[in-house]
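An overview of the molecular structure
Chain by chain, the residues run as shown.
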Amino acid sequence: MTTWHIILIASAATLALKLAGHLVPAGFLERERPARIADLLTVALLAALIAVQTLGVGQQIVVDARVPAVIVAAALYALRVPFVIVVAVAAVVAAGIRALA
């Protein structure tokens, strides 16, 4: 099986999932439980992505300058600081730690 076979199979599976989503009745998605699951699933997937991108390097877990930068960003975001400033300050924190190390 070549890389192109894998790409074609993954593309077909993605298309099938998207088409299956259109078959779900709208009334089902408007009920309380499925709506709550969908909301929580979105948050869980975003949190997992942040954890993997912050702590993962290949197959290892690495704690480096990204961890304090994410903590600072989370604290500033909790204080409702504008997003652009949060990103800039987190970048400065990571750069400062890397410059000192």
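Residues numbered from 1 in each chain as written. Predicted model: local features only at pLDDT ≥ 70, side-chain atom pairs only at ≥ 80, totals over all residues. Heavy atoms only, no water.

By secondary structure assignment, the location of Ala69 is in helix H4 (residues 66-78). Residues Ala69 and Asp39, 30 residues apart in the sequence, show an inter-C-alpha distance of 26 Å. Aside from chain neighbours lying at most four places away, what touches Ala69 is Ala90, Val93 and Ala94. (Helix = DSSP H or I, 4+ residues; strand = E, 2+ residues; numbered from the N terminus. Contact = heavy atoms within 4.5 Å.)

Now for a nonpolar patch on the surface. On the surface, Leu46, Leu49, Ile50 and Val70 cluster together to form a nonpolar patch covering roughly 340 Å² of accessible area. With three residues, the single largest contributor to the nonpolar patch is helix H3 (residues 32-55). Tracing the backbone through its elements, the reader meets Leu49 in helix H3. On the basis of relative accessible area, Leu49 is assigned to the partly exposed category, the value being 48%. (Patch = residues over 30% accessible without salt bridge, like charges linked within 9 Å, V, L, I, M, F, W, Y side chains within 5 Å. Areas by Shrake-Rupley, 256 points an atom, 1.4 Å probe, with all protein chains shown as cover. Salt bridge = Lys/Arg side-chain N within 4 Å of Asp/Glu carboxyl O. Buried < 20%, exposed > 50% of the residue type's maximum accessible area, 1.4 Å probe, protein only.)

What follows is about the environment of Ile71. Tracing the chain through its elements places Ile71 in helix H4. In this structure the C-alpha to C-alpha distance between Ile71 and Ala90, which are 19 residues apart in sequence, comes to 8.5 Å.

The full count for this structure, using the stated rule, is one salt bridge. Asp64 is the salt-bridge partner of Arg66, the closest N and O atoms lying 3.1 Å from each other. Given the relative accessible area of 22%, Arg66 is considered partly exposed.

Following both chains from N to C, one finds H3 and H4 inclined at 145°, their axes separated by 9 Å at the closest point. Every pair of crossing elements has a handedness; the one defined by H3 and H4 is right-handed. For the pair H3 and H4, contact is made by Ile50, Gln53, Thr54 and Leu55 and by Arg66, Val67 and Val70, respectively. Its residues assigned to classes, the contact of H3 with H4 comprises four nonpolar, two polar and one charged. (Axes fitted to C-alpha atoms, helices over the stretch in contact; angles between N-to-C directions. Left-handed = near helix turned anticlockwise from the far one by under 90°. Nonpolar A, V, L, I, M, F, W, Y, C, P; charged D, E, K, R; others polar.)

Next up on the list: the layout of surface pockets. Here the largest pocket defines a volume of roughly 290 Å³. Every residue along the wall of the largest pocket is listed here: Ile50, Thr54, Arg66, Ala69, Val70, Ala73, Ala74, Tyr77, Phe83, Val86, Val87 and Ala90. Secondary-structure elements contributing two or more residues to the lining of the largest pocket are H3, H4 and helix H5 (83-100). In terms of residue count, H4 provides more of the lining of the largest pocket than any other element does, six residues in total. When the residues that make up the lining of the largest pocket are grouped by side-chain class, the tally is ten nonpolar, one polar and one charged. (1 Å grid on protein atoms, 1.4 Å probe; cavity = no way out; pocket = protein on both sides within 12 Å on 5 of 7 lines; lining within 4 Å. Points joined across faces, edges and corners; volume = space filled by probe spheres on them.)

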